Number of protein chains: 2
Amino acid sequence: MLGLMQNWPLTVDKILDHAAIWHSEREVVSRSIEGPVVRTTYAEVQIRAKRLSNALKGLGIQPGDRVATLAWNTARHVEAWYAVMGMGAVCHTLNPRLFPEQLCYIINHAEDKVIFTDLTFLPTLMEHRDKMPSVKHFVVMTDEAHMKGVSLPGALCFETLVAENSADYVWGAFDENTAAALCYTSGTTGNPKGVLYSHRSNFIHTLVTMGKDVMGISAVDTVLPVVPMFHANAWGLAFSCAAVGAKLVMPGQKLDGASVHELLESEAVTFSAAVPTVWQMLLTHLRETNGKLTTLKRVVIGGSAVPEAIIRGFRDEFGVDVTHAWGMTEMSPLGTLSAPTAEIAAMGAEEQLRFKLKQGRVPLGVEMKLEDDAGERLPHDGTTFGRLLVKGPFVVGGYFKGDGGEILDDEGFFDTGDVATIDSHGFMQITDRAKDVIKSGGEWISTIEIENLAVGHPKAALCAVIGAAHPKWDERPVLLVKLNPGETSTKDEFLGFLEGKIARWWTPDDVVFVDDIPLGATGKIDKKLIRERMKGYVLPTAAPAKATA
Amino acid sequence: MLGLMQNWPLTVDKILDHAAIWHSEREVVSRSIEGPVVRTTYAEVQIRAKRLSNALKGLGIQPGDRVATLAWNTARHVEAWYAVMGMGAVCHTLNPRLFPEQLCYIINHAEDKVIFTDLTFLPTLMEHRDKMPSVKHFVVMTDEAHMKGVSLPGALCFETLVAENSADYVWGAFDENTAAALCYTSGTTGNPKGVLYSHRSNFIHTLVTMGKDVMGISAVDTVLPVVPMFHANAWGLAFSCAAVGAKLVMPGQKLDGASVHELLESEAVTFSAAVPTVWQMLLTHLRETNGKLTTLKRVVIGGSAVPEAIIRGFRDEFGVDVTHAWGMTEMSPLGTLSAPTAEIAAMGAEEQLRFKLKQGRVPLGVEMKLEDDAGERLPHDGTTFGRLLVKGPFVVGGYFKGDGGEILDDEGFFDTGDVATIDSHGFMQITDRAKDVIKSGGEWISTIEIENLAVGHPKAALCAVIGAAHPKWDERPVLLVKLNPGETSTKDEFLGFLEGKIARWWTPDDVVFVDDIPLGATGKIDKKLIRERMKGYVLPTAAPAKATA
C-alpha cells in the first residue's frame, strides 16, 4: 500500500523559488571580479537565472547537456548554477586550481558544451581553446564594458544574455533523480572521476545541512562562503542560504586575510565556512592589524584537519565558535561535523576542545562504518582504526561514465579511502589515507598522527611519513623532515622529540632530512611523489637483512 | 540523464536505527500509565520495537495492514510506532478524545487488525468491542502484573510479546512511497477522513522540522512533547528527537500544570510543544505555586491561535521563548512557524511580539498561496485576506479510500479551509475558517477577529460570531455572548466596547446573550451547532425589509 501524500519532486529550482517568494528582498552581496562590492536580492537572482535559462536554450542547450562554470563565488555564479540546473541541464563546476592539462581532460570527459567563465581565466582558456572541442560557447561573467579587451573567439557577454532574454521560463517538472551537477574528484590516482549529483541528492543534502547540529544556519544569519562553489559545492551553502533566507556574501576571488576580514565586518557576517589555510591567513592578519570580529559567531572548517591553534585562536581571541567538519566531493560533500552531544556539552572547555579536534559525528542521512581489511566491523572505542565507509542518499553510487567500475561494497557502502577511529560519542577522527597507512607486522600505523606530532618540533617546516619496505615487518615508517631555513638537526633529536608521544613501535626507523616536501594542487602533501622520489631508499633497519639475502 | 548518487529510500525505520547507533545511550523517559517515571534508551527502544515487529508478524500482520494505537505519549507508544512502520504496516493513531461512535467508525473504515491500547481505554474498548469486527487482537501496553484485572477477551500483554520475540528483524527494504501511518481528521463536516502518510513524506517532514528556523532541536536538547502522538503525530517529535539524538521525555496521560511542571524540572527539559490550553494550565499552576522554569528555553505552540498573554507570560515571567506554529493533520502537520526573519529580529521586543502572534512563515518544502473565491492570487500585504492553499511533499494528495474525491486544485494545491492574511515579511495569520467567514456585500469579515476582541470585555466568558442572512448585504455578523456568572450587560455596552477596534462595517448588527456557547471535541467553538440553534433567528436590521417583502 502506498501513501497518499503529494507528489512533489525534490528539485533544486524549488529552493531558489522559495527564496524569491519568501525572502525576496534578502540580499546577495558579491565582491565582483571587476572590483566593487555589488548587491542584489534573491528575487533578482531568480529572475536573472531564468533569463539565463532562456539564453542557454537559445544556445542549443538541452536537458542533460553539461554546462561548465570556471568561476569564483559571486552572485553571477549562483545565477548560472540555478539557470543550468533549473532547466534540467548539468552544472559542471571546474576547479581553476587544476593544471590546464587536467582541466582539459575534465572538460572533454564531461563533453561540456558551454563554459561560464570569470575574466580571471580567459588567458588559460585562450591558450587551450583548441583542446576542448566539445565547447561551443564561452559566456564571460561580466558586462559589455568589461568585454572590450576579451579576445577569446565567440565569447558571449553574461550581462547581455541576461538583458536580452525573457524571465518567462518554467523550471523543473522533471524526475527528481535527474542529474543536476557534476564535480570531478582531484584524483590522486589515475584520472579525475566525475561525481554526478541528482536534484534529489542535492535537495536532501540541503535539508540535512539545515539541521541545527549541521550547518544550522537561519534566516537571521549573514553567511560568507569562502569555500568555493567549485570545491565540493561550497559545502551546499549556495542552496542552504537560499533555503533559509540567509543573507549571502560572496567573496569573489580575494580570499586573503585582509579581504575576508573587510567583508566579515562591512557586511556583518555571522557565519562562515572555509578550509584551515584561509582561517590561518585571517588570524594572522587580525593579529598583525589588531583587527576585531564584531559580528562573526561561528565558522565551519573542513577540507583538511583543523589545527588546535586555529580553534583556540578563534575561541580565546575572538569569541568565535569553530565547528570541525569532514566530507568529500563524493558526499555532496558533508559527512560529519563536530557539534557536541549533550555529554560533551556538559564538559569543560578544554575537554570539549579534544572533540572539536575530531571530524565529528554523522547527521541522519549519513551511514558510516569502520572496517578492517577483511571487512569485519571495528568497535567505536576511539582507538581502533580502520577503513571508513559511508552510505546515504547524497553519497556517490558510481562515477560518471562508469569510471572506476563498481565502487560500493555488498552492503552498499562507499569506501572513502580514509582510515579513521570512531569514539563512544560517535565522533570520527581521520587518522590517515588508506593508501598512506603503514602496515607493520599486521598492525596499522597512522602517518598523519606522526606527521602532526613531528611538525610540532620548532625546527620543522614540513614533515611527511611514508612506509618503507622491511623484510620482517613488511613496512616500517620513515620520517622526512624539511627544516626551517638555516636550521640543522639530527635523527636522534627528532626521535627523542617523539618519544613518549607515540607508541614505541610507531617510532620511525629513520629520519631523512630533505630540501623539499612536495604539495599537491589542494595543498596536501603529495605522498605519491614522495614515494617515487624515495624509490631507491633502503631502511637502515632493513639493510642488514637485505645484505644477507 | 539521471544522477549517479546512491539509491537510499527515505524510510522512517532508518531514523530509529540512526538513534540506536549514534545516540544509543540517550534516554527516553516516560511517565508510565501505571504511575512511576520509567527510563529507557534509543538502543533499547529499537531492540524492543524490532521484537514487536516479530510479534506482529506472528499475529499475522502483513505489509499494508493497519495497526492502530490508542495511547498516550510513552516510550511504549514510540516502540509500537516504529515496530509497525518498520515492517511496512500502517500505524493508525486513534484519538481517544473522540466519541466512541466516531472511534468505531474510524476503526472500521481503516479496517484495523490490531489495536495497541493503554490501560486507560480498556473500558471503552470492552463496551464497543462488538462494533469493531476487523480487529483481531488487542495489545495492552503494560506488563503481566497489570494484566491481572484486564477482562477484554483475547487481550495480549505488550511486555510479554516483547519478551517472547526475537529482535532479529530487518526493517525497511521497501519503496519509500509505502504507506507508514494513518491519521483521521476531526471532520467538522461529514465523516472523518484519513490522511495516509508515506515513509517518504514522514522522512522529509522530519528533515524539514530539524531546520534551525523550524523546530530546531539538537542533540543537546531535552524535549517534552506534550502534544499527543495521536494529535497530528506529536508534530513529528517522535521522529525528530530520534533523528537528532535529543533526550525524549514523554508525559503519559498527565497533562495538568503540576504534572507537566514536575517533568520539566526533574528531567531538565529545554524544549517543549503543546496547544495553548496546556500552557495556560502550566502558567496558572506556576503562578499559584510560585514555581520556576530553570531549564526550559523554548516552547512551540500550535493547534489554535496563541493568546498574547501566554507569550508575554512565558517571556516576562519565565524567560522562555515562544514560537507560534500552525499546521494540520493534512500537512504532517507543520505548515508555518513564527521564527523571525532578520528584519523582525532587528525590531524591539514589543514589535517582535506582533509577529509572534501570527502563525508565521513557511519553511522550504511548504508552498503556500492566498486566493480569492475566483482563484485569483491575493497580495502579501498583511491586510487582504483570502483562502489559504498549500502544496508540498508532506501535504495530503488525497484522502484514504478516495474519500472527498479530488482535493487538489489545478496547480496541485490543497485548500486548508482557512482564511488568512500574509504580510510583507511572509508571516501568515489565520483570520477565520472559510466556512465561518461572513460575506457582507462581497467583502469578507473575519469572525475570529471580532470574537477575540469581544472576549476581551471583562464581563465576557465566551464569544462567538456567526453570519445571519441579510436581504441587502447577503450576510451580516451577529455576536453571541456568554457572560461571566452573575453579570448582566447590554447590546450597546458590547458594541461600544468594539467601537474603534474594528472597521465600522464589521460591527455586528446584533448582540445576543446566551447561556451556553458549545465547544467541539478539540475545544474549539462549534459554530455548526450554533448556526443550527440560531436557525429561526432574524436580524433586527433585516426584519423591516422582510416585513415589507
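Throughout this document, residue positions are counted from 1 along each chain, in the order its sequence is written. Written order determines the labels here, with chains lettered from A and ligands numbered from 1. Whole-chain, interface and lining totals are the exception, using all residues; otherwise, since this is a predicted model, local features are given only for residues with pLDDT of at least 70 and side-chain atom pairs are given and counted only at 80 or more. Note that the side-chain values use all heavy atoms of the structure and ignore hydrogens as well as water.

Asks: What is the right way to look at the overall build of chain A in this model?
Replies: Helix and strand counts for chain A come out as 17 helices and 24 strands. Over its C-alpha trace chain A gives a radius of gyration of 24 Å, about what one expects of a compact globule, namely 24 Å for 549 residues. Reported as C-alpha extents along the three principal axes, the dimensions of chain A are approximately 80 × 65 × 55 Å. For chain A, the proportion of its 549 residues judged to be buried stands at 60%. Accessibility throughout is a Shrake-Rupley quantity obtained with a 1.4 Å probe, and a residue counts as covered only by protein chains that appear here. Carbon together with sulfur atoms contributes 53% to the accessible area of chain A, which is approximately 20,500 Å² in total. Within chain A, one finds 53 positive and 67 negative side-chain charges whose respective centroids are separated by 1 Å. Under the DSSP-based scheme used, a helix requires at least four consecutive residues in state H or I and a strand at least two consecutive residues in state E, with every element numbered from the N terminus. Two things to know: the radius of gyration comes from C-alpha atoms, and the globule rule equals 2.2 Å times the number of residues to the power 0.38. Whether a residue is buried, partly exposed or exposed follows from its accessible area with a 1.4 Å probe, protein chains only, as a fraction of its type maximum: under 20%, in between, or over 50%, in that order. Positive charges come from Lys and Arg, negative ones from Asp and Glu, while His and the chain ends are left out of the count. Charge placement uses NZ in Lys and CZ in Arg. For Asp and Glu, CG and CD serve respectively.

Asks: So what exactly am I meant to see when it comes to the sheet that holds strand 16 (residues 367-371) of chain B here?
Replies: By way of backbone hydrogen bonds, the strands of a sheet pair with one another, either parallel or antiparallel. Residue and element names in this part refer to chain B. We call two strands paired when DSSP finds no fewer than two bridges between them. Taken together, four strands build an open sheet; the order of strands is 16-17-18-19 and the sheet is antiparallel. The open sheet terminates on both sides in strands that have one partner only, identified here as strand 16 and strand 19 (428-433). Between one strand axis and the next, the sheet turns by 45° as a mean value, whatever way the strands run. Both strand 18 (residues 414-422) and strand 19 contribute to a ladder of five bridges, which runs antiparallel. Each axis is a line fitted through C-alpha atoms, taken for helices only over the stretch in contact, and angles between the N-to-C directions span 0 to 180 degrees.

Asks: What am I meant to see in helix 1 (residues 13-22) of chain A here?
Replies: Side chains that are three or four residues apart share a direction in an α-helix, a result of its 3.6 residues per turn. Across the 10 residues that make up helix 1 of chain A, a large majority, nine, are buried. When we look at burial in helix 1 of chain A, the residues that qualify are Asp-13, Lys-14, Ile-15, Leu-16, Asp-17, His-18, Ala-19, Ala-20 and Trp-22 of chain A. Should any heavy atoms of two residues lie within 4.5 Å, those residues are counted as being in contact. Considering only its buried residues, helix 1 of chain A is in contact with helix 2 (42-58), helix 3 (75-86), helix 7 (199-209) and helix 8 (237-244) of chain A together with strand 16 and strand 18 of chain B.

Asks: Please clarify how the interface of chain B and chain A should be interpreted in this entry.
Replies: Interfaces are often described in size by the accessible area the parts lose on coming together. Across the contact, 76 residues belong to chain B and 75 residues belong to chain A. For any pair of parts, buried area is found by adding up, for both, the accessible area (1.4 Å probe) each one loses once the two are put together. Carbon and sulfur atoms make up 66% of the surface buried where chain B meets chain A, a total of about 5,400 Å² over both sides. Each salt bridge in this description consists of a side-chain nitrogen of Lys or Arg and a carboxyl oxygen of Asp or Glu lying within 4 Å of one another. Put simply, chain B and chain A have two salt bridges between them. By the criterion applied in these results, polar contacts are pairs of N or O atoms within 3.5 Å in which, for protein atoms, one can donate a hydrogen and the other can accept it, and in which residues neighboring in sequence qualify only through two side-chain atoms. For the interface between chain B and chain A, the tally reads 30 residue pairs in polar contact (both at pLDDT 80 or more). Of all elements in the fold, only helix 1 (13-22), strand 9 (194-198), helix 7 (199-209), helix 8 (237-244), helix 12 (342-345), strand 16, strand 17 (386-391) and strand 18 of chain B reach the threshold of two or more residues within the side of chain B that touches chain A. Here the residues of the side of chain B that touches chain A are counted per class, giving 42 nonpolar, 22 polar and 12 charged. Each residue is assigned to one of three groups, with Ala, Val, Leu, Ile, Met, Phe, Trp, Tyr, Cys and Pro labelled nonpolar, Asp, Glu, Lys and Arg labelled charged, and all others, Gly among them, labelled polar.

Asks: For this particular structure, what's the right way to read the relation of the copies chain B and chain A?
Replies: Both copies of the chain are related by one operation, a rotation about an axis with a shift along it. Note on the copies: chain B fits chain A at an RMSD of 0.1 Å, the axial shift is 0.0 Å, and the rotation between them is 180°. Expressed as an axis order, the relation between the two copies is that of a two-fold axis. Mapped onto chain A, 99% of the interface residues of chain B are again interface residues, and the two copies thus contact each other with one and the same surface. What sets the superposition is a least-squares fit of C-alpha atoms, and only residues with pLDDT of at least 70 in both copies go into it.

Asks: Where do I start with the nonpolar core in this structure?
Replies: Taken as a class, soluble globular proteins show a tendency for nonpolar side chains to be buried jointly. The definition of a nonpolar core used throughout is a set of buried Ala, Val, Leu, Ile, Met, Phe, Trp, Tyr and Cys residues joined through side-chain atoms within 4.5 Å. Counting 188 residues, the largest nonpolar core has Phe-116 of chain A together with Phe-116 of chain B as the members making the most contacts within it. Not counting residues up to four positions away in its chain, the partners in contact with Phe-116 of chain B are Leu-52, Leu-56, Val-67, Ala-68, Thr-69, Leu-70, Ala-80, Val-84, Val-139, Met-141 and Phe-158 of chain B. If you look at the next biggest cluster of nonpolar residues, it comprises 31 residues, including Ala-68, Leu-103, Ile-107 and Ala-179 of chain A.

Asks: Help me understand the packing of aromatic side chains in this model?
Replies: The geometry of an aromatic ring pair is captured by two quantities: the separation of the ring centres and the angle between the planes. Classification of ring pairs rests on two measures: the distance between centres of Phe, Tyr or Trp rings, Trp counted by its six-membered ring, which must be within 6.5 Å, and the angle between planes, read as stacked under 30 degrees, edge-to-face over 60 and tilted in between. Inspection of every chain in the model, using the stated rule, returns 24 aromatic pairs over all chains. Between Trp-8 of chain A and Phe-203 of chain A, the ring centres sit 5.9 Å apart and the planes meet at 85°, which makes this aromatic pair edge-to-face. Of this pair, Trp-8 of chain A sits in the segment before helix 1 while Phe-203 of chain A sits in helix 7; the two residues are 195 residues apart in sequence, bridging distant segments of the chain. In this structure, Trp-8 of chain A and Phe-203 of chain A share a single accessibility class: buried. Aromatic side chains Phe-116 of chain B and Phe-158 of chain B sit 6.0 Å apart centroid to centroid with 70° between the ring planes, which places their arrangement in the edge-to-face category. Taken together, the residues span a long stretch of sequence, with Phe-116 of chain B in strand 5 (residues 114-117) and Phe-158 of chain B in helix 6 (residues 158-164) at a distance of 42 residues. Residue classification places Phe-158 of chain B among the buried positions, given a relative accessible area of 0%. By way of ring pairs, the aromatic residues Phe-385, Trp-444, Trp-505 and Trp-506 of chain A are connected into one cluster. Here the basic side chain of Lys-50 of chain A rests over the ring of Trp-171 of chain A, its NZ or CZ set 5.0 Å away from the ring centre. Its guanidinium or amino end placed over the ring of Phe-413 of chain B, Lys-369 of chain B lies 4.4 Å from that ring's centre, counting from NZ or CZ. A ring is scored as having a charge over it whenever the NZ atom of a lysine or the CZ atom of an arginine sits within 6 Å of its centre and within 35 degrees of its normal.

Asks: Explain the environment of Glu-144 of chain A here, please?
Replies: Residues and elements named next belong to chain A. Along the polypeptide, Glu-144 turns up in the loop between strand 6 (137-140) and strand 7 (156-157). In sequence terms Glu-144 and Asp-316 are 172 residues apart; their C-alpha atoms lie 48 Å from each other. Apart from the residues within four sequence positions on either side, Glu-144 is in contact with Cys-157 and Thr-160.

Asks: It is not clear to me how unusual backbone geometry should be interpreted in this structure. Could you clarify?
Replies: Here the bond from Ser-332 of chain A into Pro-333 of chain A is cis, since omega is 10°, no more than 30 degrees from zero. In this fold, Pro-333 of chain A is placed in the loop between strand 14 (321-327) and strand 15 (334-337). A positive phi is found at Asn-233 of chain B, a non-glycine position, where the angle reads about 60°. By the secondary structure assignment, Asn-233 of chain B is in the loop between strand 10 (222-225) and helix 8. Backbone geometry places Ala-234 of chain B, a non-glycine residue, at a positive phi of 50°. In this fold, Ala-234 of chain B is placed in the loop between strand 10 and helix 8.

Asks: Even after reading the chapter, I still don't get a positive patch on the surface, so can you show me in this structure?
Replies: Only residues whose relative accessible area exceeds 30% and that take part in no salt bridge are eligible for patches, with like-charged residues grouped when within 9 Å of each other and nonpolar side chains (Val, Leu, Ile, Met, Phe, Trp, Tyr) grouped when within 5 Å. Taken together, the side chains of Lys-212 and Lys-297 of chain A together with Lys-212 and Lys-297 of chain B present a region of like positive charge at the surface. Relative to the helices and strands, Lys-212 of chain A is located in the loop between helix 7 and strand 10 (222-225). Accessibility expressed as a relative area gives 36% for Lys-212 of chain A, which makes it partly exposed.

Asks: Looking at this model, I keep getting lost on the pairing of strand 12 (residues 271-274) of chain B. Mind explaining?
Replies: Within a regular strand, side chains alternate between the sheet's two faces. Residue and element names in this part refer to chain B. Of the two faces of strand 12, the one holding Phe-271 and Ala-273 and the one holding Ser-272 and Ala-274 are both buried throughout. Of the strand pairs in this sheet, strand 10 and strand 12 are connected by three bridges, and their pairing is parallel. Directly across from Val-223, in strand 12, lies its bridge partner Phe-271. When strand 12 meets strand 13 (residues 298-301), the two strands line up parallel, connected through four bridges. Pairing of Ala-273 across the sheet is with Val-300, part of strand 13. Regarding topology, helix 10 (residues 276-289) serves as the crossover connection from strand 12 to the parallel strand 13, and that connection is right-handed. Seen with the strands pointing away from the viewer, any crossover whose path from the first strand over the helix to the second strand runs clockwise is right-handed.

Asks: How should the pattern of salt bridges be read in this particular structure?
Replies: All names here are of chain A. Going through the model one piece at a time under the given rule, you end up with 74 salt bridges over all chains. Across the pair Glu-27 and Arg-39 runs a salt bridge, and its minimum N-O distance is 3.0 Å. Of this pair, Glu-27 sits in strand 1 (residues 27-31) while Arg-39 sits in strand 2 (residues 37-41), and the two are 12 residues apart along the sequence. In this structure Arg-39 comes out as partly exposed when scored by relative accessible area, which is 45%. The closest approach of N and O atoms between Glu-111 and Arg-66, which form a salt bridge, is 3.7 Å. Highlighted residues: Glu-111 in the loop between helix 4 (100-110) and strand 5 (114-117) and Arg-66 in strand 3 (residues 66-70), separated in sequence by 45 residues. Residue Arg-66 is classed as buried on the basis of its relative accessible area of 10%. Through salt bridges with shared partners, a single network forms among Glu-34, Arg-48, Arg-76, Glu-79 and Glu-159.

Asks: Help me understand the sheet that holds strand 9 (residues 194-198) of chain A, please; the structure alone is not making it clear to me.
Replies: Residue and element names in this part refer to chain A. Ordered in space as 7-6-5-3-4-8-9, the seven strands form an open sheet in which the pairing is mixed. Each edge of the sheet is formed by a strand with only one pairing partner; in this case those strands are strand 7 and strand 9. Docked against the sheet, helix 7 engages strand 8 (179-184) and strand 9, running at close to 75° with respect to strand 9.

Asks: What am I meant to see in the packing of helix 10 (residues 276-289) of chain A against helix 11 (residues 308-318) of chain A here?
Replies: The packing of two helices is summarised by the inter-axis angle and the distance between the axes. All names here are of chain A. Packing of helix 10 against helix 11 leaves a shortest axis separation of 10 Å and a crossing angle of 40°. Judged by the angle between their axes, helix 10 and helix 11 are oblique. Remark: the crossing between helix 10 and helix 11 carries left-handed chirality. Mapping the contact onto sequence places Pro-276, Trp-279, Gln-280, Leu-282, Leu-283, Leu-286 and Arg-287 in helix 10 and Ile-310, Gly-313, Phe-314, Glu-317 and Phe-318 in helix 11. Split into classes, the residues belonging to the contact of helix 10 with helix 11 amount to eight nonpolar, two polar and two charged. Orientation is classified from the angle alone, with under 35 degrees giving roughly parallel, over 145 giving roughly antiparallel, 65 to 115 giving roughly perpendicular, and any other angle giving oblique. Each helix crossing is assigned a hand: it is left-handed if the near helix lies turned anticlockwise from the far helix by less than a right angle, otherwise right-handed if that turn is clockwise.

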